[in-house]
Amino acid sequence: MSTPDESTTPGLAALVRAEWSAFRSRGRMAALLVAALAVIALAVLPALGSHGSCSQGPVEVPCPTDPVTPDGRPVADLFFFAHRSLTGDGSLTVRLTSLTGTITYPPPDHDEIVAGVVPWAKTGIIIKDGLGQGSSYAALMMTGSHGVRMQHDYTHDTAGRPGGVSPQSPRWLRLTRTGDTITGEESADGVSWTPVDTARLAGLPATVRIGLFATSPGDLTLAPVGLGGSVGQVRFTQAVGSFDSVTTTGGVAAGPWSADIVGELGHTDWEKFHRAPGLVSDGGTLTVTGSGDIGPLGAEGGRTSKDTLVGLFVAVIVLIVTAARYAVAGDSTGTAPGGRRLAARALVLGGAVFASGLAAVAVAEQLGTKLLRDGGLTVVPAGPLTELRVIVGTAVLLALVAVLALALSALLRRAWLAVTVLLAGLVLPYVLVVVPLLPDAVAAWLLRLTPAAGFAVLQTLTAYPQVTMHYAPYAGYFPLPWWAGLAVTGAFVALTLGLALRRAPERPDASPVDWR
C-alpha cells in the first residue's frame, strides 16, 4: 500500500484557511448570530422591564439605596452610636461588662422573642468620619461568637483574643487616634494592654466622631427547597452592650454623649413596643442598644454581571448543537476529517465563537448594567478590571464549550449523542445549581468536577468571613476561583480533543465513515 507523500499533504495553516472558507456557510454564521443575539436580548429585555420603586401611602417614591463608600462600593452601615467629637489626637477607653441581645422568630413561630446574640453581633467603640453612611471608620468590638475584633473601612477584619464577656470576666477596649492612624488595644484588667491592629484611614478630617456603638445583623436560617436545596431567610436581631469606666484623653469633647442612629432603625414592632435602639445612662454605666450591621455587602447588595448574562444558557445550547454538527460534516465525498483537519476545525470554531461571544457579552454586560441602574436598581460595582475579566473570560468559556462539543462529536461519531452528553453533563448541572435545587455540598462538587466549572468566570462577589451570608452558587458564590473553573473546563476540552485526534484518520482522504 502506498504511503502518502508528505510534501503533498496540506499544512495546518492551509487547512485552517480552507476550513474557514467552508465554515462561513449561511447556517453556521446564522447560528453564531442567534447565539450572540440571545445573549444580548436576554440582558436587555429583562432590564427594560425592571423598575425599582417604593411607596409612601398612595405616592410612589424612589426606593432607598444601600450606602456606598467614596469609591462606590455598596456597604452595610447601620447601627446605634453614642458619640462625642474628637479633634486632633485622642483616645477612648472603656470596660465592657456584657453583650446580650434578642432574636425574633417570625411566623409560624408566632413572633417568638428569645434571648441570645448572633455570632457577628457587635458592640464596642468606634471612630468614624462623621455620621454619614459609608464614611470611613475604625472600630474595636466584642462579637457574639468571634471574640474581640478590630475592623475598619468595611472589608478589613483582625481577630483579637477569643472568648466571651461577662461582669465576672469583662473586656477592656481602647482606641487611640494619632493623625490618620487608629490603634486598637484590648486588656483583661485595664493595666496590661495587647495591641489588636493598627488602621490607617487616609484623609481623615481633623474632627471626627468617637464613641460607643451596637449593631446586630439578621439571624440567617436556611429554608429547604427543591431536591434538598435551600435558600436563606433572615430574622431580626438586636444587640445590647453595657460599658463602665469610660475615660477619654486628648481632643475628645466633654459633656453628655450624643445619641444618634446611623441609617434607620426603630421600625420593627419589637423596637416600638419593647426595646428601642438608644442609650441609657445609669450612674457610671452606659448601655447601648442597636441592630443592623457594619461591613461589606454581598449578593444582597444588588444585581451583578451574572444577572445580565442569563442568555448564556441559550447561547451554549445553540453552540453545542452547531459545533457537534460541524464536527461530523464530511467533505464532498462524505469522508471523515483527518487529524489535521479536525485540529483546523477546532481552531476555526474556537476563534469564531470567541470573537462573536466577546462582542455579544461586552454589549450585554455593559448595556444590561446601564439599563438596570437607569431603572432604579442597585448593581454591585465590580471594577473595570473585573468587568473586563468577566467579558473576556465568558468569551473564552463559550469557545471552550464549542470546541468540547466539536471534539466529543468527532470522538463519538454521533452528533446527537455528543449533544445529549453535553446537555446532561454541562448545561443541566449549572441549571440545577443556580435555581437552586440541590444541596449546597452536591452543587459545589458539580461545579468542581463537571465542565460547568467554567461558569465560575461569572463570579464577581467576594465571600467575607465576617459577613453573615448564604455563600452558595445560586447567590453568585462559586466553589472555585474563576481561573480554576476555566482550567477544569479547559482540561475536559484538552482530554476530549486529544482522544478525538488520536482516533481521527491520519489522512483527510480516508475511508468514508457513516456519521449519522
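Structure shown above.
Remember, it's a predicted structure, so these values are computed and weren't measured experimentally.

## Describing the side chain of glutamine 151
Here comes step 1: With respect to the helices and strands, the residue glutamine 151 is situated in strand E7 (residues 148–152).
Here comes step 2: By relative accessible area, glutamine 151 is classed as buried at 2%.
Here comes step 3: With sequence-adjacent residues up to four places away left out, glutamine 151 is seen in contact with Trp120, Lys122, Tyr137, Ala138, Ala139, Met141, His156, Asp157, Ile294 and Gln466.

## Quick word on the packing of aromatic side chains
Here comes step 1: Inspection of every chain in the model, using the stated rule, returns nine aromatic pairs.
Here comes step 2: Note on tryptophan 20 and phenylalanine 23: the rings are 6.0 Å apart at their centroids and 20° apart in plane angle, and the pair reads as stacked. Here the residue tryptophan 20 and the residue phenylalanine 23 both occupy positions in helix H1 (residues 12–23), the gap between them amounting to three residues, near one helical turn.
Here comes step 3: What makes phenylalanine 23 buried here is its relative accessible area of 0%.
Here comes step 4: Ring centres 5.6 Å apart and planes at 50° place the aromatic pair phenylalanine 79 and phenylalanine 81 in the tilted group.
Here comes step 5: These aromatic residues form a ring-pair network of at least three members: Phe313, Tyr430, Phe455 and Phe478.
Here comes step 6: Sitting over the ring of tryptophan 193, arginine 174 keeps its end group 4.0 Å from the ring centre.
Here comes step 7: The cationic tip of arginine 345 hangs over the ring face of tyrosine 326; the distance from NZ or CZ to the ring centre is 5.2 Å.

## A closer look at the layout of surface pockets
Here comes step 1: By volume, the largest pocket is sized at about 900 Å³.
Here comes step 2: If you trace the largest pocket, you find 33 residues lining it, with Asp66, Ala76, Leu78, Leu297 and Glu300 closest to the centre.
Here comes step 3: Residue assignment for the lining of the largest pocket shows that the elements contributing at least two residues are strand E3 (75–105), strand E14 (229–235) and strand E19 (293–296).
Here comes step 4: When residues in the lining of the largest pocket are grouped by element, the largest group, four residues, is from E3.
Here comes step 5: Across the lining of the largest pocket, the residue classes tally to 15 nonpolar, twelve polar and six charged.

Cut-offs applied
Residues numbered from 1 in each chain as written. Predicted model: local features only at pLDDT ≥ 70, side-chain atom pairs only at ≥ 80, totals over all residues. Heavy atoms only, no water. Helix = DSSP H or I, 4+ residues; strand = E, 2+ residues; numbered from the N terminus. Buried < 20%, exposed > 50% of the residue type's maximum accessible area, 1.4 Å probe, protein only. Contact = heavy atoms within 4.5 Å. Phe/Tyr/Trp six-rings, centres within 6.5 Å; stacked < 30°, edge-to-face > 60°. Lys NZ or Arg CZ within 6 Å of the ring centre and 35° of its normal. 1 Å grid on protein atoms, 1.4 Å probe; cavity = no way out; pocket = protein on both sides within 12 Å on 5 of 7 lines; lining within 4 Å. Points joined across faces, edges and corners; volume = space filled by probe spheres on them. Nonpolar A, V, L, I, M, F, W, Y, C, P; charged D, E, K, R; others polar.

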